[in-house]
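These are the residues of each chain, in order.
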Amino acid sequence: MKAKELIIYRETLRDPIIKEYLEGDTKNMSHLLAEYAFENKLPAPVWANYVLDKILTGKNVFTQMAAFAQRSQIPNEIALQAMKEIAYFQSLVKGYEEEVWLSFCGDVLKEQTKNYYHDYLAIAFQGWQKWKDLDILNKLIAFHQEWGFGKLCRYSVIRWQGEFQGIKNPDPIRMDDLIGYKYQKDAIINNTLALLKHNKGNNLLLYGERGTGKSSMVKAVVNEYAALGLCLVDLPRSYMTDIPQIINELKKEPRHYIIFLDDLSFDSVDKEYKELKAILEGGIETLANNVLIYATSNRRHLISESWRDREKWGEEINKNDTLSEKLSLADRFGQTITFPSPEQEEYLQIVLGLAAAAGIKMPEEELRSQALKWAKWQNMPSGRTAKQFVNSIT
């Protein structure tokens, strides 16, 4: 097969690095490949994994069928065409002798972040360029059923800003990095596993004082299960009204998603809370079975109220109905998980754990004494206060 005969994966011919290879300019191709490997921490062998990336992130008739259909449901003609084209890509990989230095470009600074997608490539598809056609076809179908298709399947964290944008270097925090809060950890893990295993689970409201680890725990649970295809969708407050559009996009994907609403609260004049409430309680546009909403807030009922609001309600005939509506948004979340501020000893245990992880050598009594002074200066003990203190003495 020749490049011009590609049909299913024809869009790969527009890729600048593959174009350079096909045009015979291997020097410029190597330059572009090295730059890409460094920026994206692409593991070695770089050329083989680059071509594989273009195959896996393609959005075409085969990748979309593979994401939702069993092998027996994919027409044989389409499967055969896909195998022919994959064989062509295998020949591209075999036709390029990768220089040794190129293999190290993606390893530089690699340990500073975790890329579950690239780890998957390096392990699950190791040596794919030598596989038999049926073996690689089955592996591709398994990949698309778990990770989806298109460019966003590279990321475990994406952000919505009118469109989806992949986050290359998300916060790498893991559950083991969070000290204490065992009940909260177990509740979030169990709920997330219900989504991953059974397409069930509750929308969660994580409520508590600032700095108690609510946002960190959401990020951590996604990192725990990103290797299973779990993805976080960071949704800024200014795009809250786009939730129906986001849900409509996500339900077309096989992956599981958590829409993350961080530091959620509304003023009494905001109307977005009605739209969010309609989504949570099952309005016209309901959540898909592969999507949950996790929100964090410092306010138990999410909507602030002032004495002026209460005076206004006093003038209304149905003031109890108005108050009930404003307090009902939090009730629409299936589960509320409370994050209390740590007691003094709990705070000190967090400090000691973070200090040990940071390799700080200081007598325990001195560490405790300084940590308590720091908490007093910061007005309250919390996980964030503990982290800031440890950072200050590292």
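Every chain is numbered independently, its residues counted from 1 as its sequence is written. In view of the model being predicted, local features appear only for residues whose pLDDT reaches at least 70, and side-chain atom pairs are presented and counted only at 80 or more, with totals across whole chains, interfaces and linings using the full set of residues. Side-chain metrics rest on all non-hydrogen atoms present in the structure, leaving aside hydrogens and water.

**As for the pattern of salt bridges**
Salt bridges, as used here, are contacts in which a Lys or Arg side-chain nitrogen is within 4 Å of a carboxyl oxygen on Asp or Glu. All told, the structure shown has 10 salt bridges when counted by the stated rule. Of the charged contacts in the structure, one is a salt bridge between Glu 364 and Arg 368, with a shortest N-O distance of 3.1 Å. Taken together, the residues span about one helical turn, with Glu 364 and Arg 368 both in helix H15 (residues 364–377) at a distance of four residues. Taken together, the shared-partner salt bridges in this structure form one network comprising Asp 15, Asp 53, Lys 54 and Arg 154. Put simply, DSSP marks the helices as runs of H or I at least four residues long and the strands as runs of E at least two long, and each gets a number from the N terminus on.

**Here we look at the side chain of Ser 215**
Within the secondary structure, Ser 215 sits in helix H9 (residues 214–225). For the purposes of these results, a polar contact is taken to be a pair of N or O atoms within 3.5 Å, where, inside protein, one atom must be able to donate a hydrogen and its partner to accept one; residues adjacent in sequence count only when each atom of the pair is a side-chain atom. A distance of 2.5 Å separates polar atoms of two side chains, one belonging to Ser 215 and the other to Asp 262. Contacts were defined at the residue level, with two residues in contact if any of their heavy atoms lie within 4.5 Å. In this view, Ser 215 contacts Phe 260, Asp 262 and Thr 296; residues no more than four positions away in its chain are not counted.

**Quick notes on the nonpolar core**
Of all hydrophobic cores here, the largest spans 52 residues; its most connected members are Trp 47, Phe 62, Phe 89, Phe 125, Trp 128 and Leu 140. For Phe 89, the contacting residues outside a window of four places in its chain are Leu 6, Tyr 9, Thr 12, Val 51, Ile 55 and Trp 128. Leu 280, Ala 288, Val 291 and Ile 293 belong to the second largest nonpolar core, which has 28 residues in total. Throughout this description, the term nonpolar core refers to a set of buried Ala, Val, Leu, Ile, Met, Phe, Trp, Tyr and Cys residues connected via side-chain atoms within 4.5 Å. Exposure is judged per residue with a 1.4 Å probe applied to protein chains only, and the accessible area is read against the type maximum: over 50% gives exposed, under 20% gives buried, and values in between give partly exposed.

**Digging into the sheet that holds strand S4 (residues 230–234)**
Two pairing modes exist for strands in a sheet, parallel and antiparallel, and in both the strands are linked by backbone hydrogen bonds. By definition, two strands form a pair when at least two bridges between them are found by DSSP. Spatial strand order, S2-S1-S4-S5-S6-S3-S7: seven strands in an open sheet with mixed pairing. Among the strands making up the open sheet, the edge pair consists of strand S2 (164–166) and strand S7 (335–339). Adjacent strand axes in the sheet meet at a mean angle of 25° when their direction is disregarded. Sheet topology places strand S3 (residues 204–208) next to strand S6 (residues 291–297); four bridges connect them, and they run parallel. Residue pairing for S6: Tyr 207 is matched across the bridge by Ser 297. In this analysis an axis means a line fitted to C-alpha atoms, helices contributing only their contacting stretch, and an angle means the value between N-to-C directions, from 0 to 180 degrees.

**Examining the packing of helix H14 (residues 344–357) against helix H16 (residues 383–393)**
It is at 9 Å that the axes of H14 and H16 come closest, and there the two elements cross at 40°. The angle between H14 and H16 falls in the class oblique. Relative to H16, the crossing made by H14 is right-handed. Facing Tyr 347, Ile 350, Val 351, Leu 354 and Ala 355 of H14, the residues of H16 in contact are Gly 383, Thr 385, Ala 386, Lys 387, Phe 389 and Val 390. An angle below 35 degrees is read as roughly parallel, one above 145 as roughly antiparallel, one from 65 to 115 as roughly perpendicular, and any other as oblique. What makes a crossing left-handed is the near helix being turned counterclockwise from the far one by less than a right angle; a clockwise turn instead makes it right-handed.

**Considerations on the pairing of S6**
Here S6 lies mainly inside the structure; seven of its seven residues are buried. Burial along S6 is two-sided: the residues Val 291, Ile 293, Ala 295 and Ser 297 and Leu 292, Tyr 294 and Thr 296 are all buried. Of the pairings in the sheet, the one linking strand S5 (residues 256–261) to S6 comprises five bridges and is parallel in character. Residue pairing in the sheet places Ile 259 in a bridge with Ile 293 of S6.

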